[in-house]
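Given next are the chains, with one letter for each unit.
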Amino acid sequence: MIVTRFAPSPNGPLHWGHAYSAIIAHDLAAEQGGRFLLRIEDIDGPRSRPDLPDAFRRDLEWLGLEWDEVPAQSARLESYAGAAESLRERGLLYPCTCTRKDIEAAGAKPGPEGLVYPGTCKGKDVDLSQPAALRLDVEQALAEVGALMWQDSLAGEQTAEPHALGDVVLVRKDLPASYHLAATLDDAADRVTLVTRGQDLFAATHIHRLLQELLGLPVPGWHHHGLLLDGAGKKLAKTRGSKALADYRKAGENSRDWADRLRMDHWPCGISLGST
Ligand code: GLU
């Protein structure tokens, strides 16, 4: 049975980009009699707003979607810690005390997700009296698992190239996991068979595929959809003031019409579908 999910982070209200993502995931499951899951990704305590998960549920209802909700990330911290510990015991993680400034000063090059960590702390005795993150030793991990492939339903078969992202953080200085570790474990625990999300997370999948292999998790398929762009050709984002779904909801707009317009490629005013 197909299982898809929508996994918003409650650090800002949902906008049309989220609606598009949720509708795609919902419809892909519904067309085949599968399950569509809602997972609140509230691992980032300080940035998570407690009022938003309820607002998200109201927005999804307003769009006419039905879903099954699975536990939020804040309820799963123990499973993240257990998985990180098993990777650490196998020598696949190393502590890193670098700050963002240190990484910039070390001449790190830009990659698909910001600067690629240049390996400053790898193989060093770092001072553990300071807060330390744990990074994945990608080279060693790849030596353990060999070449990996993954399947995107739009982009086709992909060779996993986790090197491009470098030794990513799996355990943050302030949290028992990073997005990469938490989302990979959750998708497996929730038995997601098709990971649906925007193309902005395409590169992350190279790391997620590697983590699945290291942790013996099932391998789903992926569906990275195009992103909605605003009138200036930029990805919709709360930081750029993209209008919240809740504003349309509160203004009494007919949600089913809006949802159907998105399904038929009739984007809300000033919005278009981009491919990056
Ligand atoms: N929580 C992420 C976000 O709101 C989505 C992660 C995912 O779909 O894998 O951008």
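The name an unreviewed UniProt entry gives the chain is tRNA glutamyl-Q(34) synthetase GluQRS, with Parerythrobacter jejuensis as the organism. In the Sequence similarities (unreviewed entry) part of its UniProt record, the chain is described as follows: "Belongs to the class-I aminoacyl-tRNA synthetase family."

**Some details on the pairing of strand 8 (residues 149-152)**
The two faces of strand 8 differ: Trp-150 and Asp-152 on one face are buried, but Met-149 and Gln-151 on the other face are not. Looking at chain direction, strand 8 and strand 9 (residues 156-159) are connected through 4 bridges and run antiparallel. What sits directly across from Trp-150, in strand 9, is Gln-158.

**Some words on the sheet that holds strand 2 (residues 35-38)**
The 3 strands lie next to each other as 1-2-3, forming an open sheet whose pairing is parallel. If you trace the sheet from one side to the other, it starts and ends with strand 1 (3-6) and strand 3 (68-69), each paired once. Sheet topology note: the strand 1/strand 2 ladder contains 4 bridges and is parallel. By the bridge assignment for strand 2, Arg-5 is matched with Leu-37.

**A look at helix 7 (residues 204-215)**
Since the α-helix packs 3.6 residues into each turn, any two residues three or four apart lie on the same face. Counted at 1.5 Å a residue, the expected span for helix 7 with its 12 residues is 16 Å, and the 17 Å between its end C-alpha atoms agrees. Those residues of helix 7 that sit buried are Ala-204, Thr-205, His-206, Ile-207, His-208, Arg-209, Leu-210, Leu-211, Gln-212 and Leu-214. One or two positions beyond helix 7, positive phi appears at Gly-216, with a value near 65 degrees.

**Concerning the site of the ligand**
For the ligand, the full set of nearby residues is Arg-5, Ala-7, Pro-8, Ser-9, Glu-41, Tyr-179, Arg-197 and Leu-201. Take Ala-7: an N or O atom from its main chain is 2.7 Å from a nitrogen atom of the ligand. With respect to the ligand, the side chain of Arg-197 contributes an N or O atom lying 2.9 Å from an oxygen atom. Here the ligand loses 78% of its free accessible area of 300 Å² to cover by the protein chains. Its residues placed into classes, the shell around the ligand shows 4 nonpolar, 1 polar and 3 charged.

Rules used in this analysis
Residues numbered from 1 in each chain as written. Predicted model: local features only at pLDDT ≥ 70, side-chain atom pairs only at ≥ 80, totals over all residues. Heavy atoms only, no water. UniProt positions renumbered as here; feature names shortened; annotations may be inferred. Buried < 20%, exposed > 50% of the residue type's maximum accessible area, 1.4 Å probe, protein only. Helix = DSSP H or I, 4+ residues; strand = E, 2+ residues; numbered from the N terminus. Pairing = 2+ DSSP bridges. Expected span 1.5 Å × (residues − 1). Near = heavy atom within 4 Å. Polar contact = N/O pair within 3.5 Å; in protein donor to acceptor, adjacent residues only side chain to side chain. Areas by Shrake-Rupley, 256 points an atom, 1.4 Å probe, with all protein chains shown as cover. Nonpolar A, V, L, I, M, F, W, Y, C, P; charged D, E, K, R; others polar.

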